[in-house]
Amino acid sequence: APFYEQLMNYRDDDNPFCHVALAVEGCGWTNPDYFPLMVANTLIGNWNRAQGGGRNIPSKFARKIHEMGAGQSFMAFNTCYKDTGLWGIYGVVDPANDGIRT
């Protein structure tokens with residue numbers, strides 16, 4: 001199946017958080033790149049402000065987000081289908097730090 005890039009922008013100032021997802025075309029589960037993408041997914045990891053550990057979490061990306069106080073959470077994802085997939089990151093950001101609202 002072909003991959004079609006798409007952008008969806010929906011603004012709701014009544015929502016207390018800004019939800020952002022950024023993804024690129026990944027690979028299918030039969031592709032030899034499947035396992036390297038899963039390793040990358042694990043290395044990026046996930047983080048939630050409510051988790052214990054704070055800045056002591058092993059992911060450098062998570063430590064940076066924690067130090068900046070920029071987000072509520074993030075998670076890397078790798079969704080694979082037979083012949084294509086999506087690889088990316090999803091995050092939830094505080095309205096004061098989303099860089100969009102003023």
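One structure accompanies this document, and this report is about it. (Residues numbered from 1 in each chain as written. Predicted model: local features only at pLDDT ≥ 70, side-chain atom pairs only at ≥ 80, totals over all residues. Heavy atoms only, no water.)

### With respect to the overall build of the chain
Here's step 1: What the chain contains, in helices and strands, is 2 helices and 4 strands.
Here's step 2: The proportion of buried residues among the 102 residues of the chain is 26%.
Here's step 3: A sequence separation of at least 24 residues applies to 61% of the contacts in the chain between residues at least 6 apart. (Helix = DSSP H or I, 4+ residues; strand = E, 2+ residues; numbered from the N terminus. Buried < 20%, exposed > 50% of the residue type's maximum accessible area, 1.4 Å probe, protein only. Contact = heavy atoms within 4.5 Å.)

### Some remarks on the side chain of Asn 41
Here's step 1: You can see Asn 41 is positioned in helix α1 (residues 34–44).
Here's step 2: A polar contact of 3.1 Å, which involves the side chain of Asn 41, links it to the backbone nitrogen of Phe 77.
Here's step 3: Setting aside its immediate chain neighbours within four residues, Asn 41 contacts Ala 76, Phe 77, Asn 78 and Trp 87. (Polar contact = N/O pair within 3.5 Å; in protein donor to acceptor, adjacent residues only side chain to side chain.)

### Overview of the nonpolar core
Here's step 1: Trp 47, Ile 57, Ala 62, Ile 65 and Phe 74 form the largest nonpolar core, which has 5 residues in total.
Here's step 2: Beyond its immediate chain neighbours, meaning those up to four positions away, Ala 62 contacts Trp 47, Ile 57 and Phe 74. (Core = buried A, V, L, I, M, F, W, Y, C linked by side-chain atoms within 4.5 Å.)

### Describing the side chain of Asn 78
Here's step 1: Within the element layout of this structure, Asn 78 appears in strand β3 (residues 71–80).
Here's step 2: In contact with Asn 78, not counting residues within four places along its chain, are Tyr 34, Leu 37, Met 38, Asn 41, Leu 86 and Trp 87.

### A look at the sheet that holds strand β1 (residues 18–25)
Here's step 1: Taken together, the 4 strands give an open sheet; going across it, the order is β1-β4-β3-β2, and neighbouring strands pair in antiparallel fashion. Lying at the two open borders of the sheet, with one neighbouring strand each, are β1 and β2 (46–48). Each strand axis lies, on average, 20 degrees off the axis of its neighbour in the sheet, ignoring direction.
Here's step 2: Running at roughly 170 degrees to β3, α1 makes contact with β2, β3 and β4 (85–93) of the sheet.
Here's step 3: Along the sheet face, helix α2 (residues 60–68) touches β2, β3 and β4 and points at about 155 degrees away from the line of β3. (Pairing = 2+ DSSP bridges. Axes fitted to C-alpha atoms, helices over the stretch in contact; angles between N-to-C directions.)

### So, the pairing of β3
Here's step 1: With 3 bridges connecting them, β2 and β3 associate as antiparallel partners. Residue pairing in the sheet places Asn 48 in a bridge with Ser 73 of β3.
Here's step 2: Hairpin connection of β3 to β4: 4 residues between the antiparallel strands.

### Some points on the pattern of salt bridges
Here's step 1: Tallying each qualifying case throughout the model produces 1 salt bridge.
Here's step 2: With its nearest N and O atoms 3.4 Å apart, the salt bridge here joins Asp 94 to Arg 49. Taken as a pair, Asp 94 in the segment after β4 and Arg 49 in the loop between β2 and α2 lie far apart in primary sequence, 45 residues in all.
Here's step 3: With a relative accessible area of 40%, Arg 49 lands in the partly exposed category. (Salt bridge = Lys/Arg side-chain N within 4 Å of Asp/Glu carboxyl O.)

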